[in-house]
Amino acid sequence: MGEDLRSRRAVIAGVGASGLALAITACGGGTDTATSAGGATESSAPQSSAAQSSAAPQGGSALATTADIPVGGGTIFKDQKIVVTQPTSGEFKAFSAVCTHSGCAVGSVADGQIVCPCHGSKFNIADGAVTNGPADKPLPEQQIKVDGDQITLA
């Protein structure tokens, strides 16, 4: 009977671990497809192997062209954990794509705001300031360089 009880425990533990893995995968959310509806896009831009090995954005990495960033909106670069916005025509800004409330990745840019899907925090595309909580700190600004029509990490 003792061996039978251990077998049942092993099965239950295995099912529990599988369920947890499934839940974590489901909560990761999102795909790497780009959308342009509502002034927001999401991208998984190619990056060098050096950039792939680091969670921090790497200087000189090509992100996008200026045409890829909608005026009054922005584009989220999931791999680089950065969101690039164009508040007004020809003005480009970049911010961390990690919400300052609980560390979730922001999910969209719409109506002049960067939106976190986890708890509804919203940030202004011009300066990263909180426009709707529960976040109480702005998104940290990131450095980019615009050279002609190319946007790169500074």
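Rules used in this analysis
- In this numbering scheme, every chain counts its residues from 1 along its sequence in written order.
- The model is predicted, so local features are restricted to residues of pLDDT at least 70 and side-chain atom pairs to those at 80 or more, both for listing and for counting; the totals for chains, interfaces and linings are taken over all residues.
- Just so you know, side-chain values use all the structure's heavy atoms and leave hydrogens and water out.
- Two strands make a pair as long as DSSP finds a minimum of two bridges between them.
- Only runs of H or I of at least four residues qualify as helices and only runs of E of at least two qualify as strands under DSSP, and these elements are numbered from the N terminus.
- To obtain an axis, a line is fitted to C-alpha atoms, over the contacting stretch when the element is a helix, and the angle between two such axes runs from 0 to 180 degrees between their N-to-C directions.
- Grouping buried Ala, Val, Leu, Ile, Met, Phe, Trp, Tyr and Cys residues that are joined through side-chain atoms within 4.5 Å yields what is termed a nonpolar core.
- Relative accessibility decides the category of a residue: with a 1.4 Å probe and only protein chains considered, values under 20% of the type maximum give buried, values over 50% give exposed, and everything between is partly exposed.
- In what follows, a contact means two residues having at least one pair of non-hydrogen atoms within 4.5 Å.
- pLDDT is defined as a per-residue confidence score from the predictor, taking values between 0 and 100.
- Polar contacts, as used here, are pairs of N or O atoms within 3.5 Å; protein pairs need one atom able to donate a hydrogen and one able to accept it. Residues neighboring in sequence count only if both atoms are side-chain atoms.
- Two cysteine sulfur atoms form a disulfide, by the criterion used here, when they sit within 2.5 Å.

## Looking at the sheet that holds strand 9 (residues 130–132)
Thought 1: An order of 6-7-8-9 is seen for the four strands of this open sheet, with the pairing classed as antiparallel. In this open sheet, the two edge strands, each paired with only one partner strand, are strand 6 (108–110) and strand 9. On average, adjacent strands in this sheet sit at an angle of 35° to one another, irrespective of strand direction.
Thought 2: As defined by bridge partners, strand 7 (residues 113–115) adjoins strand 8 (residues 122–124) across three bridges and the pair is classed as antiparallel. Across the sheet, residue Val-115 finds its bridge partner in strand 8, namely Lys-122.

## Focus: the sheet that holds strand 10 (residues 144–147)
Thought 1: Pairing is antiparallel across the open sheet formed by three strands, whose spatial order is 2-11-10. Sheet topology places strand 2 (62–65) and strand 10 at the edges, where each strand pairs with a single neighbour. Between one strand and the next, the sheet's axes are offset by a mean angle of 25°, whatever the strand orientation.

## Here we look at the nonpolar core
Thought 1: Core analysis: the largest hydrophobic core is formed by 14 residues, its most contacted members being Ile-76, Val-83, Val-106, Val-109, Ile-114 and Phe-123.
Thought 2: Filtering out sequence-adjacent residues up to four positions away, Val-106 remains in contact with Ile-76, Ala-97, Cys-99, Ile-114, Val-115, Cys-116 and Pro-117.
Thought 3: Membership of the second largest hydrophobic core comes to 11 residues, among which are Ala-64, Phe-92, Ile-144 and Leu-153.

## Some words on the confidence of the model for the chain
Thought 1: Here the chain shows a mean pLDDT of 72. Residues at 70 or above account for 60%.
Thought 2: Predicted confidence is poor over residues 17–57, with pLDDT under 50, and the contacts of this stretch with residues over four places away or in other chains come to 54 contacts.

## A few points about the side chain of Ser-121
Thought 1: Within the fold, Ser-121 resides in the loop between strand 7 and strand 8.
Thought 2: Assessed through its relative accessible area of 1%, Ser-121 is described here as buried.
Thought 3: Engagement of the side chain of Ser-121 in a polar contact is seen with the backbone nitrogen of Ala-135, the distance being 2.9 Å.
Thought 4: Ser-121 has contacts with Cys-99, His-101, Ile-114, Val-115, Cys-116, Asn-132, Gly-133, Pro-134 and Ala-135, leaving out every residue within four places of it along the chain.

## Thoughts on unusual backbone geometry
Thought 1: Positive phi, normally seen in glycine, also occurs at Lys-81, with a value near 55°.
Thought 2: With respect to the secondary-structure elements, Lys-81 resides in the loop between strand 3 (73–77) and strand 4 (82–86).
Thought 3: Lys-81 gets classed as partly exposed once you look at its relative accessible area, which sits at 42%.

## Topic: the state of the cysteines
In protein structure, a disulfide is the covalent linkage between the sulfur atoms of two cysteines.
Thought 1: Summed over all chains, the structure comprises one disulfide.
Thought 2: For Cys-104, the disulfide goes to Cys-118, at an S-S distance of 2.1 Å. On the S-S bond that ties Cys-104 to Cys-118, the torsion sits near -110°, and the link is left-handed. Note that Cys-104 is positioned in the loop between strand 5 (93–96) and strand 6 and Cys-118 in the loop between strand 7 and strand 8, a separation of 14 residues in sequence.
Thought 3: Residue Cys-104 is classed as buried on the basis of its relative accessible area, which comes to 19%.
Thought 4: Counting only cysteine sulfurs, Cys-116 is the nearest neighbor of Cys-99, a cysteine outside any disulfide, at a range of 3.8 Å.
Thought 5: Look at Cys-99 and you get buried, because its relative accessible area is 4%.

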